[in-house]
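Architecture at a glance
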Amino acid sequence: MNTTAASPMSTATSSSGRSAGKSVSFAAELQSMMFSLGDARRPLHETAVLVEDVVHTQLINLLQQAAEISQLRGARVISAEDLLFLMRKDKKKLRRLLKYMFFRDYKSKIVKGIEDEDLLEDKLSGSNNSNKRQKIAQDFFSSIDQTGELLAMLEDDEIDEVKQERMERAERQTRIMDSAQYAEFCESRQLSFSKKASKFRDWLDCSSMEIKPNVIAMEILAYLAYETVAQLVDLALLVRQDMVTKAGDPFSHAISATFIQYHSSAEGCYMKSYPDSPESTPPATPTAPSSGSQHPGKTAPGALGNGSAGQDSAKTKQRKRKKSTAACGVEAHSDAIQPCHIREAIRRYGHKIGPLSPFTEVM
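How each quantity is defined
- Each chain has its residues counted from 1, following the order in which its sequence is written.
- Given that the model is predicted, a residue must reach a pLDDT of at least 70 before its local features are reported, and side-chain atom pairs must reach 80 or more before they are shown or counted; all residues, however, enter totals for whole chains, interfaces and linings.
- By convention in this description, side-chain values take in all heavy atoms of the structure and omit both hydrogens and water.
- Runs of E in the DSSP output that reach at least two residues are strands. Runs of H or I that reach at least four are helices, and both are numbered from the N terminus.
- The buried label applies to any residue whose accessible area, calculated with a 1.4 Å probe on protein chains only, is under 20% of its type's maximum; exposed applies above 50%, and partly exposed to all values in between.
- Whether two residues are in contact is decided by their heavy atoms, any of which lying within 4.5 Å being enough.
- What sets the accessible areas is the Shrake-Rupley method with a 1.4 Å probe; for residues, cover comes only from the shown protein chains.
- Between the N-to-C directions of two axes lies an angle of 0 to 180 degrees, each axis being a line fitted to C-alpha atoms and, for a helix, fitted only over the stretch in contact.
- Each angle gets one of four labels, with under 35 degrees taken as roughly parallel, over 145 as roughly antiparallel, 65 to 115 as roughly perpendicular, and the rest as oblique.
- Left-handed describes a crossing whose near helix is turned anticlockwise from the far helix through less than a right angle; right-handed describes the clockwise counterpart.
- Charged residues are taken to be Asp, Glu, Lys and Arg, nonpolar residues to be Ala, Val, Leu, Ile, Met, Phe, Trp, Tyr, Cys and Pro, and polar residues to be all remaining types, Gly included.
- We call a set of buried Ala, Val, Leu, Ile, Met, Phe, Trp, Tyr and Cys residues a nonpolar core when their side-chain atoms join them within 4.5 Å.
- Like charges within 9 Å and nonpolar side chains (Val, Leu, Ile, Met, Phe, Trp, Tyr) within 5 Å are joined into patches, using only residues over 30% in relative accessible area that form no salt bridge.
- Whenever Lys or Arg places a side-chain nitrogen within 4 Å of a carboxyl oxygen from Asp or Glu, that contact is recorded as a salt bridge.
- For Phe, Tyr and Trp, where Trp contributes only its six-membered ring, two rings pair if their centres lie within 6.5 Å, and the inter-plane angle classes them as stacked under 30 degrees, edge-to-face over 60, or tilted in between.
- In this analysis the charged atom, NZ for Lys or CZ for Arg, is taken to sit over a ring once it is within 6 Å of the ring centre and within 35 degrees of the ring normal.
- Charged-residue counts in this description rest on Lys and Arg as positive and Asp and Glu as negative, His and the chain ends being excluded.
- Where a charge lies is defined by one atom per residue type: Lys uses NZ, Arg uses CZ, Asp uses CG and Glu uses CD.
- Looking at any residue, its pLDDT shows the predictor's confidence there, from 0 to 100.
- Helix span is expected to be 1.5 Å times the residue number reduced by one.

A few words now on the overall build of the protein. Helix and strand counts for the protein come out as 14 helices and two strands. Taking all 363 residues of the protein together, 36% fall into the buried category. Considering only contacts within the protein whose residues lie at least 6 apart along the sequence, 75% involve residues at least 24 apart. Working note: accessible area of the protein is about 22,400 Å², and carbon and sulfur atoms make up 55% of it.

Have a look at this one:
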């Protein structure tokens, strides 16, 4: 989309997608979200920062397009209709979003304490105040849908295979947890961008926009942000699984150059971080055989000085090994998702190439 000076977005937005709200960070929350979505218990901070940058850039681009559409139709705010219009061609994500809006309405009913009698009265009187999100989607689809395909999605009860797979993965993940780990896992699963609405607005720098999103649009943006994180984790887990060398795999030669470069550097770190391995263990220094005629109370000439120097040299080498382990050994041998996994996942998502590309669909 064209982002000239007349764009509804503020000119403070940088080319990298980061704006004046750069000081606001969701890295800590993203680490907990990634853990609940299948990552290690302690996700890497650098991976969370990379995921945050990707999600932020995607949302800024989405806001730019939504603001331009809202300006074209003469509206003063970015509404849910603008976001639904942008997502109309991605049926799977749109279906997932509609289910989210349905559950948001259902949650509002529970929070407000609406009883069954009140629901029946609202239904008989034709009042849809308790289903305002669904009504917005239905009215908007009625105005643009000529084939009835979009309206049919409102009544669609098809099982979401991606959601089902995430739930099964979470169930397998909790099998080996104790009570403390499971409590932490449950707390992480409850995290979302919508629960920190004020921080989320500052993160997107909505105050600098000429056309600002309304409340329901912010709910949708928060949902899309979390869904983007979940999709990045899904793809990164697949990439990590593919990067594991399997014996007799005929496709092992087709590993991407990104992994080869990372694997080479990680292997070097592995050699440094494990001093006891045969490859990195230096040959033993030959010592003079002890003489049986030597007095046990005496020390061989020069043995004391050489021994202390050898100990100092060993300590120096040990300090260097610790530094090398802290620099690269942790990342190379951690079970957490690495930044290279995220980059490779984005590359594969953006470039569906290869003999199996017809079978890879957008989630």
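What follows deals with the packing of helix H4 (residues 91–111) against helix H11 (residues 215–242). A pair of packed helices can be characterised by two numbers: the angle between their axes and the separation between those axes. The contact between H4 and H11 brings their axes to 11 Å, and the two run at 130°. Taken together, the axes of H4 and H11 are oblique relative to one another. Of the two elements, H4 crosses H11, and the hand of that crossing is right-handed. Along its contact with H4, which presents Lys 93, Arg 96, Leu 97, Tyr 100, Met 101 and Arg 104, the element H11 presents Glu 219, Ile 220, Tyr 223, Glu 227 and Gln 231. In terms of residue class, the contact of H4 with H11 is built from five nonpolar, one polar and five charged.

Before going further, it helps to spend a moment on the nonpolar core. Core analysis: the largest hydrophobic core is formed by 57 residues, its most contacted members being Leu 84, Phe 193, Phe 200, Trp 203, Leu 204, Leu 221 and Val 229. When residues of this core are traced back to their parent elements, those giving at least two are helix H1 (27–36), helix H2 (45–72), helix H3 (80–86), H4, helix H6 (132–144), helix H7 (149–153), helix H10 (197–204) and H11.

We now examine unusual backbone geometry. One non-glycine residue, Asp 205, adopts positive backbone phi at about 55°. Secondary-structure assignment places Asp 205 in the loop between H10 and strand S2 (212–213).

We now examine a nonpolar patch on the surface. Residues Phe 102, Phe 103, Tyr 106 and Ile 110 make up a contiguous nonpolar surface patch of roughly 440 Å² in combined accessible area. Examined against the element boundaries, Ile 110 turns out to sit in helix H4. With relative accessibility at 56%, the residue Ile 110 sits in the exposed group.

Relative to the helices and strands, Ser 70 is located in helix H2. The exposure class of Ser 70 is buried, given its relative accessible area of 0%. Not counting the four nearest positions on each side in its chain, Ser 70 is found in contact with Ala 75, Val 77, Ile 78, Asp 82 and Ile 211.

For any two aromatic rings, the description comes down to two numbers: the centre-to-centre distance and the angle of the planes. Taken as a whole and judged by the stated rule, the model has ten aromatic pairs. Centroid distance Phe 102 to Phe 103: 5.4 Å. Interplanar angle 70°. Geometry classified as edge-to-face. A relative accessible area of 36% places Phe 102 in the partly exposed class. Classification of Phe 103 by relative accessible area gives exposed; the value is 52%. Over the face of the ring belonging to Phe 85 we find Arg 88, whose NZ or CZ atom lies 3.9 Å from the ring centre.

As a further point, take the packing of H1 against H11. It is at 10 Å that the axes of H1 and H11 come closest, and there the two elements cross at 55°. Relative to H11, the element H1 is oriented oblique. Viewed along their axes, H1 and H11 form a crossing whose handedness is right-handed. Counting all contacts with H1, which are made through Leu 30, Met 33, Met 34 and Ser 36, the residues of H11 involved are Tyr 226, Val 229 and Val 233.

Glancing now at the environment of Thr 47. By the secondary structure assignment, Thr 47 is in helix H2. Between the C-alpha atoms of Thr 47 and Met 34, which are 13 residues apart in sequence, the distance is 9.7 Å. Residues contacting Thr 47, with those up to four places away along its chain left out, are Met 34, Ile 337, Gln 338, Pro 339 and Ile 342.

Residues Glu 158, Glu 161, Glu 165 and Glu 168 make up a contiguous surface patch of negative charge. Relative to the elements of secondary structure, Glu 161 occurs in helix H8 (residues 161–174).

This prediction gives the protein a mean pLDDT of 75; 61% of its residues lie at or above 70. Taken together, the stretch residues 1–21 has pLDDT below 50 and engages in 41 contacts with residues farther than four places along the chain or on a different chain. Across residues 289–307, where pLDDT falls below 50, the model places three contacts with residues more than four positions away in sequence or in other chains.

Now for the pattern of salt bridges. Pairing of side chains with opposite charge becomes possible as their charged atoms draw close. Evaluated as defined, the whole model comprises 19 salt bridges. Between Arg 96 and Glu 227 there is a salt bridge, with its nearest N and O atoms 2.6 Å apart. Of this pair, Arg 96 sits in helix H4 while Glu 227 is found in helix H11, placing the two residues 131 residues apart along the sequence. For Asp 234, the salt bridge goes to Arg 169, with nearest N and O atoms at 2.6 Å.

On to H2. Along an α-helix, residues three or four apart share an orientation, since each turn contains 3.6 residues. Compared with an ideal rise of 1.5 Å per residue, which puts 28 residues at 40 Å, H2 spans 41 Å between its outermost C-alpha atoms and is within 8% of the ideal. Remark: Gly 74 follows H2 within two positions and exhibits a positive phi of approximately 75°.

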